[in-house]
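Each chain is listed here by its residues.
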Amino acid sequence: MVKLIVFIIITCLAVVVGPLLADSQGYIHIATASHVIETSITTAIILYLSSIFALYFLCTFVKKVYLIPKNTLSAFRQHSFKRKLSLQDEAIISFEQGQYDNTLALLKHSADIKKMSEKSLLVAAQAAFHIGLYDYTRQALDEAQRRGKQAKLASDIVRAKLNYDVGNAKVALECLDNTKGSVKNAFVYKLYLKCYKKLNKLSNIVEITPSLLKYKVISDTEARDFYLKYIESELRSVNDLTGIDDLMKKLSKTDKKDARIMGSFVYKLIQLGDVNKACQLSLSILKKEPDRDFLNSISNWEIAIPEVLVALKKYASKNVITTQVNLPLLKAMANLEFKSGLLKEAYEDYKQALSIEPSCDIYLKLGSIQSNLQNYTEAAEWYAKVNAVLTDNRALALK
């Protein structure tokens, strides 16, 4: 625009100044074989400048005409790119709706597997997996892995998820471990938890518990349950008293006040034959109000510890046993009485427990007591009640 204005100004000056210089101006004489051109210097200059501007505008016009195909190609390319994005969006929506065949068809139509985006490759792999095209799943994931570090991490996580979905928790765990902790979020830790549970790796669950709590994969109560199960599994693997002592040293002060944990230790000590130590530990636990979990543990002891029975009876004498809250205490006393040979006392306590909450295990205990008392008719009646409660596939074989 500026150049055009300058051209107009020069032309105007030439028109105005030209006539003023007409009387004293020189001439230009150009002769060819057949033509003779003669003009004034002013006119020649004006024609010269005009031709320059004309040539400039002509070149500009030709250049624009020449670039039209290129711009058109760019426009087509831009349209194609937008079309691809639209197909990818449709594919992702279809994937979320569970339409895996449609998802894969849209992604294949949008681009060849070599030209798909990393996100499209991961979606395509999962869609192909769900419809049984496992070779295509591997191809898509392999291609994604070659796209860089982040794509490789995402590919490993998808491989882990798909392997877990087909029941191969071990391979899923290997894929997760390949990320070397580079990806930390709720999805990854939830997948870790599923794999560890499937493989019964309680120690690993305990190890990642802080992260599971941080990303709200589990609650505090669930974390505590996993820890208690871990302690119990460790106790089951212990074969001697030294192993129990070593495991006890690893417990925190809070753990040593937990009746469920201590109950498991007492039970293991009884199994290993260290009754004295089991007795001391039990009495220390019973100094406070008997814990429900510990009482449930006592109700399953295979031997009687008289000192523990005395402690339970003292506590029972201070409380009227009329509510369901005291049911574990009744069952614990009855079991120790039964193991001590106090059959009538055990029978009365089990009968009282039965009035609070009828159950098959109490029916069995009552039947066993009557059998030991050689009251076979009454024993058979209690056993019959067990069979009446149990389903057909769990029916008790009675002798």
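Going by the structure above, here's the rest.
What this report covers is the structure whose coordinates are included nearby. Each chain carries its own residue numbering, running from 1 in the direction its sequence is written. Thresholds applied to this predicted model are a pLDDT of at least 70 for local features of residues and 80 or more for the giving and counting of side-chain atom pairs; totals over whole chains, interfaces and linings are not thresholded and use all residues. With hydrogens and water excluded, all non-hydrogen atoms of the structure serve as input to the side-chain values.

Observations regarding helix 21 (residues 376-389)
Moving on, step 1. Between its terminal C-alpha atoms helix 21 stretches 20 Å, which fits the 20 Å expected from 14 residues at 1.5 Å a residue.
Moving on, step 2. Against helix 19 (343-356) and helix 20 (360-372) lie the buried residues of helix 21. Working definition: helices are DSSP H or I runs of at least four residues, strands are E runs of at least two. Numbering for both runs from the N terminus. Take the residue count of a helix, subtract one, and multiply by 1.5 Å to get its expected span. Throughout, a contact is declared for two residues whenever any of their heavy atoms are within 4.5 Å.

Re the environment of Y383
Moving on, step 1. As for its placement among the helices and strands, Y383 is situated in helix 21.
Moving on, step 2. Linking Y383 and C360, residues 23 residues apart in sequence, is a C-alpha distance of 8.9 Å.

So, a nonpolar patch on the surface
Moving on, step 1. Patch membership needs two things, relative accessible area over 30% and no salt bridge, and members are linked within 9 Å if like-charged or within 5 Å if nonpolar (Val, Leu, Ile, Met, Phe, Trp, Tyr). Method for areas: the Shrake-Rupley scheme with a 1.4 Å probe, in which residue coverage is limited to the protein chains shown. Salt bridge criterion: a side-chain nitrogen from Lys or Arg within 4 Å of a carboxyl oxygen from Asp or Glu. On the surface, a nonpolar cluster with roughly 420 Å² of combined accessible area is contributed by L55, L58, F61 and V62.
Moving on, step 2. As for its placement among the helices and strands, L55 is situated in helix 2 (residues 41-96).

Topic: a positive patch on the surface
Moving on, step 1. Taken together, the side chains of K253, K256, K257 and K288 present a region of like positive charge at the surface.
Moving on, step 2. Summarising the element assignment, K253 is placed in helix 13 (residues 253-256).
Moving on, step 3. Think of it in three bands: with a 1.4 Å probe and only protein chains considered, a residue is buried below 20% of the maximum accessible area for its type, exposed above 50%, and partly exposed in between. Taking the relative accessible area as the measure of exposure, K253 reaches 73% and is therefore exposed. In this tally, Asp and Glu contribute negative charge and Lys and Arg positive charge; neither His nor the terminal groups of the chain are included. We put the charge of a Lys on NZ, of an Arg on CZ, of an Asp on CG and of a Glu on CD.

Examining the packing of aromatic side chains
Moving on, step 1. Any two of the Phe, Tyr and Trp rings considered here, Trp counted by its six-membered ring, make a pair once their centres fall within 6.5 Å; the pair's planes then place it as stacked at under 30 degrees, edge-to-face at over 60, or tilted in between. For the structure shown, the criterion picks out 8 aromatic pairs.
Moving on, step 2. Seen in terms of ring centroids, Y192 and Y196 are 5.7 Å apart; in terms of plane orientation they differ by 25 degrees. Their pairing is stacked. One end of the pair is Y192 and the other is Y196, both in helix 8 (residues 186-198) and 4 residues apart, which spans about a single turn.
Moving on, step 3. Of the residues examined, Y196 reaches a relative accessible area of 8% and is grouped as buried.
Moving on, step 4. An aromatic cluster of three or more residues is present, and its members are Y189, Y192, Y196 and Y215.
Moving on, step 5. Taking NZ or CZ as reference, K108 lies 4.7 Å from the ring centre of Y136, over its face. A ring has a charge above it when a Lys NZ or an Arg CZ is no more than 6 Å from the ring centre and no more than 35 degrees off the ring normal.

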